[in-house]
Amino acid sequence: MTKHPYPTIQLEPFLTPRDRKGSKRVIRDRSGGIAFVREDALSLDRIREAGIPLYNVGRRFRVLGPDGITEQERWIAPFDVIHRSRENPKDFDGLVLPLGELIHDHGLYLKLAPGIAELGINDRSDILLRRDTKQKDPTVGPVLNSFNTVITGRAKRLVTRTIYDEHRVDVKEALAWLKAFEAVSKAKTLISRFCCAGVQYTQKGNVPYLKKTSQVNFFPPDDPEMRVIAKAIDERFKERGGKRAPHVTILSLMGVPKTEAEYRGFLLRLKKARASAQKLGLPATLKASRLWDPDSKAVVTSNFVYFAPLKELGDEVTILTVNTDYHGEVKSRGVLSPLMAILSQIDIISAHAGAAVLNRQGTATTFTGPTGTGKTTAGAFWAEKNERYRREELKRRYRLDLEREGQSGGDLEEELDRIFPNVGILCQEDWIEILHDERRGWVFWSTERCLYARTGGFPGLKFVLAENTPILENVTADFGGARSIDLLGRITHDYFPERIFYDPTWGHLLYDRTSRPIAANVFLERNPNLDFCVKRVGADEAMKWLLIGRTPGGKYEPLYNAYPDFSGLLMTYGIVGEKLVEAVKAAEGGDLTKLGRGDVTLGRAIYDKLKVQLDLWRKNCAQVPTYIVNGAPGLEMTQDMNWVLSEHPEAFGDWQKVTTTQFQAYMGERYGVTYNDRGAWTHITPAQRAAR
């Protein structure tokens, strides 16, 4: 029998008689066990008579009114939820509590409902919450400067139109919905204009949150840095006989009725607003809507795109997002996917990648990989100023290198002062454009003004939160995923999809997004079954790794990139992994049916977009040293690999296959670095880690 570190108190015997069956004050999981209970549903006298301290029963939530003083109710989360949820997560996932919804994603979390804010804890370790039923904005989150979002993750449906007239009808109806929302809400459609990698965007929608986040994440339309890139892009289009880069419009619809019953209610509201659905262009029934999903028999979270060969893109590209206020969906499908299509026409790689300067030459290392492989960590690990032990460790190594090169005394210190501030620089952390420059070779361009990254493990998060007011979204309380009584029910920012917008000007990271030559490519993997920690690959092998695009969870993202429309389509159809490798090989031989799942027209459109990126990657990987870095050995050892192959590319000759043992021996002999079995440094003491 598994032993659990927390008290297991069966609360059933202590329920009051009226609460033992069907009580709204007792919330049960799907197995019938108590998941959440109001304190007055328990007989505290019987608990005391049993010799059980209330402190051992569970974590208490005190819910206060809008004034933050008047107590409305108390709830208790039993401690045994911690281990029960780990053994049977499906019993808890999606469970609605009076304070929010339980979500299981790399642990169990409580997504607090709109209008509920966490105030902190009192001297009894009770969690203090404030409920404000008058809170009008459902996007306002439970902690300062945060936003709730309706969904977490990607939209359920990607609709690809291969006929332009069908796409045009989609757009026409979307515009009609925006007019209808204006009539019902008496509020104008929100318009946001911004620039990404030199391409101009306009976003129209009815979600204030999305207007704000697009302007935070990307550049103003007239940004000086973007103007330089835009000029270079237009020159490339002119060289190829075009005019200039297409403009992108994103139509973001939130609140489209999901069912016929909801739609009838919406039509009544529209009628009261003295607006005609027919004149606006809305369908008579929801089933007749272009947004209707026949499989789900409802309107579900969706993206609508025109999917056609690159030459048919035209001067205007329009993307629709439906019933999602998740910025990541707008960023991926609305911004970055059309960006790839546009820039593919002028031989530019759009990579789901970060970039950092990890050598004294000042050139960049790119880090490419799917979500969860550590792009943000790889770019920011050495750039974090507040984790001083990392910077001190890096400085120690450069001092050793300079001594080995024969420098000493004042000359050594002077050289160290010169090179060290320019190493360990974050350039971009999620998406870059890679192109060949006649003068500088392969270089990268930046796309995002602010970092949009997961809070869990974000470098220096506590300093960022303490000193700034960054936008947080999907803020969620850890309800037991951390297996800690102290953290049960508290906001921890460890929830997997939770995001932060970080402005590099805050200065917590050494940051410089200036375009730089690329010295090395790193494809990030995290696979304990691989027999190497670092491996140099040629162009052919690199292409296979890119095509397969294995994720840490064992799934596949073509080109390590789920953002492009063709990747989303291939993933929807299950044409991924080795199947995609075979389909591409067949397409190269003229058979396009495998890529299009039997549809030659669709297969041709997919191959048209995929082939451009593959050809560019092949040229790039043939000229830029490319490595597979396996992050399975652990955090600090992985970051050492990234640094060594950038600063000392000659360390292992051709790096054909470097094992964990070989790498550890090299680091021990050259720098005196030692690791434990989780890849963490053991030559650095806890005191050194904690020093500020």
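Here is what the cut-offs are and how they apply
Residues numbered from 1 in each chain as written. Predicted model: local features only at pLDDT ≥ 70, side-chain atom pairs only at ≥ 80, totals over all residues. Heavy atoms only, no water. Helix = DSSP H or I, 4+ residues; strand = E, 2+ residues; numbered from the N terminus. Buried < 20%, exposed > 50% of the residue type's maximum accessible area, 1.4 Å probe, protein only. Contact = heavy atoms within 4.5 Å. Salt bridge = Lys/Arg side-chain N within 4 Å of Asp/Glu carboxyl O. Pairing = 2+ DSSP bridges. Axes fitted to C-alpha atoms, helices over the stretch in contact; angles between N-to-C directions. Left-handed = near helix turned anticlockwise from the far one by under 90°. Nonpolar A, V, L, I, M, F, W, Y, C, P; charged D, E, K, R; others polar. Parallel < 35°, antiparallel > 145°, perpendicular 65-115°, else oblique. Phe/Tyr/Trp six-rings, centres within 6.5 Å; stacked < 30°, edge-to-face > 60°. Lys NZ or Arg CZ within 6 Å of the ring centre and 35° of its normal.

Draft legend 1. Looking closely at the overall build of the protein. If you tally the helices and strands in the protein, you get 19 helices and 30 strands. The C-alpha extent of the protein, read off along each of the three principal axes, is 80 × 70 × 45 Å. Out of the 692 residues in the protein, the part that is buried amounts to 57%. Counting contacts in the protein only where the partners sit at least 6 residues apart, residues at least 24 apart contribute 69% of the total.

Draft legend 2. Here's a closer look at the pattern of salt bridges. Evaluation of the coordinates by the stated rule reveals 45 salt bridges. A salt bridge links Lys331 to Asp430; its shortest N-O distance comes to 2.6 Å. One end of the pair, Lys331, is in helix H8 (residues 327-344); the other, Asp430, is in the loop between strand E20 (425-428) and strand E21 (432-437), with 99 residues separating them in the sequence. Accessibility classification places Lys331 together with Asp430 in one group, the buried group. Linked through salt bridges whose partners overlap, the residues forming this network are Glu39, Arg60, Arg62, Glu71, Arg74 and Asp126.

Draft legend 3. Seen up close, the environment of Met340. By the secondary structure assignment, Met340 is in helix H8. Exposure remark for Met340: the relative accessible area of 3% places this residue in the buried category. A sequence separation of 65 residues divides Met340 from Glu405, and the C-alpha atoms of the two residues are 44 Å apart. Other than its neighbours up to four places away in sequence, Met340 contacts Ser350, Trp431, Asn561, Pro564, Phe566 and Gln613.

Draft legend 4. Region of the structure containing the pairing of strand E3 (residues 58-64). A large share of E3 lies buried, amounting to seven of its seven residues. For E3 and strand E4 (residues 71-78), the ladder comprises seven bridges, and the chain directions are antiparallel. Bridge pairing in E4 places Leu64 opposite Glu71. Taken together, E3 and the strand that follows it, E4, pair antiparallel across an intervening segment of six residues, in which Gly68 is found at a positive phi of about 75°. The pairing of E3 with strand E9 (residues 127-131) spans four bridges and is parallel. Among the inter-strand pairings, Arg62 is bridged to a residue of E9, identified as Leu128.

Draft legend 5. Spatial organisation of the packing of helix H10 (residues 388-404) against helix H17 (residues 635-647). H17 packs onto H10 with a crossing angle of 40° between their chain directions and a minimal axis gap of 13 Å. Handedness of the crossing formed by H10 with H17: right-handed. Across from Tyr389, Leu394, Arg397, Tyr398 and Asp401 in H10, the residues of H17 making contact are Glu636, Asp640, Trp643 and Glu647. Considered class by class, the residues forming the contact of H10 with H17 number four nonpolar, no polar and five charged.

Draft legend 6. Layout of the packing of helix H4 (residues 208-217) against H8. It is at 10 Å that the axes of H4 and H8 come closest, and there the two elements cross at 60°. It follows from the interaxial angle that H4 and H8 lie oblique. Both H4 and H8 take part in a crossing whose hand is right-handed. Here H4 contributes Tyr209, Leu210, Thr213, Ser214 and Asn217 to the contact with H8, which in turn contributes His327, Val330 and Lys331. Class assignment for the residues of the contact of H4 with H8 results in three nonpolar, four polar and one charged.

Draft legend 7. Focus on the packing of aromatic side chains. Evaluated as defined, the whole model comprises 30 aromatic pairs. Between the aromatic rings of Phe147 and Tyr209, the centroid separation amounts to 5.0 Å while the plane-to-plane angle is 35°, which identifies the pairing as tilted. Taken together, the positions of Phe147 in strand E10 (residues 146-147) and Tyr209 in helix H4 put the pair 62 residues apart, joining distant regions of the chain. Across this residue pair, the class does not change: Phe147 and Tyr209 are buried. Taking the centre distance of 5.3 Å and the plane angle of 5° together, the rings of Phe194 and Tyr201 count as stacked. We classify Phe194 as buried; its relative accessible area is 1%. By relative accessible area, which is 1% here, Tyr201 ends up buried. Taken together through their ring pairs, the aromatic side chains of Tyr627, Phe652, Trp655, Phe663 and Tyr666 make up a single cluster. Over the ring of Tyr671 we find Arg397; its NZ or CZ atom is 5.9 Å from the centre of that ring. Positioned over the ring face of Tyr627 is Arg536, at 5.7 Å from the centre of the ring.

Draft legend 8. Structural view of the sheet that holds strand E28 (residues 518-525). As summarised here, the arrangement of the six strands in space is E20-E18-E19-E28-E30-E29, forming an open sheet in which the pairing is mixed. Where the open sheet ends on each side, the last strands, each with one partner, are E20 and strand E29 (534-537). Strand after strand, the sheet turns through a mean of 25° between neighbouring axes, direction not considered. One ladder, built from five bridges, connects strand E18 (residues 353-357) with strand E19 (residues 364-368); its direction is antiparallel. Bridge pairing in E19 places Val357 opposite Ala364.

Draft legend 9. Representation of the sheet that holds strand E15 (residues 302-306) within the structure. Strand order in this open sheet of six strands is E11-E15-E16-E14-E13-E12, and the pairing throughout is mixed. Each edge of the sheet is formed by a strand with only one pairing partner; in this case those strands are strand E11 (157-161) and strand E12 (190-196). Each strand axis lies, on average, 20° off the axis of its neighbour in the sheet, ignoring direction. Sheet topology note: the strand E14 (residues 247-253)/strand E16 (residues 316-322) ladder contains seven bridges and is parallel.

Draft legend 10. Structural view of the pairing of E9. The buried fraction of E9 is high, at four of five residues. Pairing of strand E8 (residues 116-121) with E9 involves five bridges; the strand directions are antiparallel. Opposite Ile121, over in E9, you have Ile127 as the bridge partner. Between E8 and E9, which pair antiparallel and follow one another directly, the connecting turn spans five residues, one of which, Ser125, has a positive phi of 65°.

By themselves, these observations are geometric and do not establish any function.
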